[in-house]
Structure formats: C-alpha cells, structure tokens
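Chain residues, written in single-letter form:
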Amino acid sequence: MATWIPLGKATDFSPGAQFGLTVGDKALLLINLDGQFVVISNVCPHAGMPLEDGEVRHGRITCPYHGYTFCLDTGRNADFPNDEPPVRKYPTRVENGELQVQVEA
Ligand code: FES
C-alpha cells in the first residue's frame with residue numbers, strides 16, 4: 001500500500017538543492033529542480049552506486065561513477081533508453097506547505 005511520507009517544510013528545500021534521504025528501507029534523492037520537487041532512488045540502476053553527488057543540468061542527472069545520465073522527468077537512461085533500466089521515481093506533493101513523497105509501505 002502506498003503512503004505519503006512527510007519530508008519537511010517545502011521552503012526548506014531551496015531551488016538547486018539535492019538531499020539524500022532515507023525513508024524506511026529506501027535510499028532516496030530529493031532534487032529541487034527550479035522549484036519542482038523530484039524524488040528518485042538514490043541508487044543508480046547501472047551498478048548500484050549513490051546518485052546524490054551527480055551533476056544536475058538541463059533536467060537530467062549524471063551519475064558521478066560511470067557517467068550514465070537519467071532524465072528527471074521520466075527516469076529513463078538518456079544515453080541508452082532501450083538498453084538500460086530507468087532510475088525509479090517517486091510521486092511528490094506539497095500539502096499545507098509540507099513536502100511529501102509517496103512510497104510503498
Ligand atoms: S553506477 Fe551509475 S553509471 Fe555506473
């Protein structure tokens with residue numbers, strides 16, 4: 001069952017910020033992409049390394065380990081969309097100023 005988990009005040013996550021988070025047993029990465037909140041798995045689907053130090057540019061994040069790039073809109077591997085798995089994305093919402101992420105309980 002999917003549950004909305006509070007992450008904190010939305011205003012605490014400024015544009016351009018990246019935060020590694022642990023929610024239950026999940027390692028997540030929160031990105032404020034010019035005011036749009038994006039939460040993805042903090043585990044790169046290529047070889048399982050953390051994405052949190054990846055460079056974010058033009059709506060994509062580049063893994064700092066082997067350079068795979070993932071679209072933050074779709075999660076797809078931007079370089080090999082048909083051959084490599086996407087990074088997992090999680091829904092977000094802001095309720096009464098509180099940023100929330102939806103994960104499976
Ligand atoms: S672990 Fe991310 S590209 Fe290899």
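Use the structure listed above.
Here is what the cut-offs are and how they apply
Residues numbered from 1 in each chain as written. Predicted model: local features only at pLDDT ≥ 70, side-chain atom pairs only at ≥ 80, totals over all residues. Helix = DSSP H or I, 4+ residues; strand = E, 2+ residues; numbered from the N terminus. Rg over C-alpha atoms; globule rule 2.2 N^0.38 Å. Buried ≥ 20, exposed ≤ 12 C-beta atoms within 10 Å, placed from the backbone. Contact = placed C-beta atoms within 7 Å. Pairing = 2+ DSSP bridges. Core = buried A, V, L, I, M, F, W, Y, C linked by C-beta atoms within 7 Å. Axes fitted to C-alpha atoms, helices over the stretch in contact; angles between N-to-C directions.

Regarding the overall build of the chain
Part 1: Secondary structure assignment for the chain yields zero helices and ten strands.
Part 2: Ordered by position from N to C terminus, the α and β elements of the chain give β-β-β-β-β-β-β-β-β-β.
Part 3: Relative to the 2.2 N^0.38 estimate, which gives 13 Å for 105 residues, the radius of gyration of the chain is 13 Å and therefore close to what a compact globule would have.
Part 4: In terms of overall dimensions, the chain has C-alpha extents of about 40 × 30 × 20 Å along its principal axes.
Part 5: Per-residue burial for the chain yields a buried fraction of 21% across its 105 residues.
Part 6: Counting contacts in the chain only where the partners sit at least 6 residues apart, residues at least 24 apart contribute 40% of the total.

Looking at the sheet that holds strand 4 (residues 36-41)
Part 1: Across the sheet, which stays open at both edges, the four strands sit in the order 2-3-4-8 with antiparallel pairing between neighbours. Of all the strands in the sheet, the pair left with one neighbour each is strand 2 (18-23) and strand 8 (89-90).
Part 2: With two bridges joining them, strand 4 and strand 8 adopt antiparallel strand pairing. The residue of strand 8 that forms the bridge with isoleucine 40 is lysine 89.

Some remarks on the nonpolar core
Part 1: Among the nonpolar cores identified, the biggest contains 18 residues, and Leu28, Leu29, Leu30, Val39, Ile40 and Leu51 are the most heavily contacted of them.
Part 2: With four residues, strand 3 (residues 26-33) is the largest single contributor of residues to this core.
Part 3: In this view, leucine 28 contacts Leu21, Val23, Val39, Ser41, Asn42, Tyr90 and Val101; residues no more than four positions away in its chain are not counted.

Description of the sheet that holds strand 6 (residues 60-62)
Part 1: Here three strands make up an open sheet; going across it, the order is 5-6-7 and the pairing antiparallel. Sheet topology places strand 5 (55-57) and strand 7 (69-71) at the edges, where each strand pairs with a single neighbour. Adjacent strand axes in the sheet meet at a mean angle of 25 degrees when their direction is disregarded.
Part 2: Pairing geometry for strand 6 and strand 7, over three bridges, is antiparallel. Opposite threonine 62, over in strand 7, you have threonine 69 as the bridge partner.

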